[in-house]
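# Breakdown of the fold
Each chain, letter by letter, is given below.
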Amino acid sequence: MKQEIVHRRLYAFFNSKVLNVLLVIGVISLLQIGFLESILLPSVCAITSFALFIGYTLWLWIKKPKQITINVWLSNKTIWFTLYYLIVINISNLIWQCRALPIVAAIIMCFIAMVRPKDEVFDI
């Protein structure tokens, strides 16, 4: 039995494939700021990712497109990925594998999202 979606635009916003990928890229970039010696490249990547995130969000809410591509599977994994990031960033004495795992997980997650046919064109 399918549940009725009350706020269709909000549902599309949270499950948008583009926004979830931009969030993962931003989180990976922020995690690398404390890991790499130079903070310039990760900072630029994070700022660019979040600027695109804000731009896409404004486009979604102001222009109000009729359809948007969503991926519920990717959205569910992004939540766990962000939670792992928050845990890792708050632990100061980590071995390098704990900081490398999110990068590997993000690459695998984005690859699976590209290969698996779970994308839906959602009518808002």
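This section reports on the structure supplied with the text.

### Considering the overall build of the protein
A count of helical and extended segments in the protein gives five helices and two strands. Each helix (α) and strand (β) of the protein, taken in turn from the N terminus, gives the series α-α-α-β-α-α-β. In terms of its C-alpha atoms, the protein occupies a principal-axis envelope of roughly 45 × 30 × 25 Å. Looking at the protein as a whole, 32% of its 124 residues are labelled buried. Long-range pairs, those at least 24 residues apart, make up 79% of the contacts in the protein with a sequence separation of at least 6.

### Overview of the nonpolar core
With 11 residues, the main nonpolar core is built from V24, V27, I28, L31, L74, F81, Y85, V88, A106, M109 and A113. Residues A12, Y56, I70 and F122 belong to the second largest nonpolar core, which totals eight residues.

### Details of unusual backbone geometry
Even without glycine at this site, K64 takes up a positive phi of about 55 degrees. Among the structural elements, K64 can be located in the loop between α3 (40-63) and β1 (67-70). Its relative accessible area of 48% is what places K64 among the partly exposed residues.

### Things to note about a nonpolar patch on the surface
Residues L10, F14, I54, L58, W61 and I62 make up a contiguous nonpolar surface patch of about 610 Å² in total accessible area. Mapped by element, the contributors of at least two residues to the nonpolar patch are α1 (8-14) and α3. Among the elements that line the nonpolar patch, the one with the most residues is α3, at four residues. Tracing the backbone shows I62 in helix α3.

### Examining the packing of helix α2 (residues 17-33) against α3
Two elements in contact, α2 and α3, have axes whose closest approach is 8 Å; the angle formed by their N-to-C orientations is 155 degrees. Between α2 and α3, the interaxial angle falls into the category roughly antiparallel. Handedness of the α2/α3 crossing: left-handed. For the pair α2 and α3, the contacting residues are V18, L19, L22, L23, I25, G26, V27, S29, L30, Q32 and I33 in the first and P42, S43, C45, A46, S49, F50, L52, F53, Y56 and T57 in the second. Across the contact of α2 with α3, the residue classes tally to 15 nonpolar, six polar and no charged.

### A closer look at α3
Its 24 residues place the ends of α3 33 Å apart at the C-alpha level, agreeing with the 34 Å of an ideal helix rising 1.5 Å per residue. The set of residues buried in α3 consists of P42, S43, A46, S49, Y56, T57 and L60. Contacts from the buried residues of α3 go to α1, α2 and β1. The positive-phi residue at the C-terminal boundary of α3 is K64, with phi of around 55 degrees.

### Focus: the environment of L10
Counting through the fold element by element, L10 comes out in helix α1. The exposure class of L10 is partly exposed, given its relative accessible area of 35%. With 51 residues separating them along the chain, L10 and W61 place their C-alpha atoms 9.3 Å apart.

Parameters and conventions
- Residues numbered from 1 in each chain as written.
- Predicted model: local features only at pLDDT ≥ 70, side-chain atom pairs only at ≥ 80, totals over all residues.
- Heavy atoms only, no water.
- Helix = DSSP H or I, 4+ residues; strand = E, 2+ residues; numbered from the N terminus.
- Buried < 20%, exposed > 50% of the residue type's maximum accessible area, 1.4 Å probe, protein only.
- Contact = heavy atoms within 4.5 Å.
- Core = buried A, V, L, I, M, F, W, Y, C linked by side-chain atoms within 4.5 Å.
- Patch = residues over 30% accessible without salt bridge, like charges linked within 9 Å, V, L, I, M, F, W, Y side chains within 5 Å.
- Areas by Shrake-Rupley, 256 points an atom, 1.4 Å probe, with all protein chains shown as cover.
- Salt bridge = Lys/Arg side-chain N within 4 Å of Asp/Glu carboxyl O.
- Axes fitted to C-alpha atoms, helices over the stretch in contact; angles between N-to-C directions.
- Parallel < 35°, antiparallel > 145°, perpendicular 65-115°, else oblique.
- Left-handed = near helix turned anticlockwise from the far one by under 90°.
- Nonpolar A, V, L, I, M, F, W, Y, C, P; charged D, E, K, R; others polar.
- Expected span 1.5 Å × (residues − 1).

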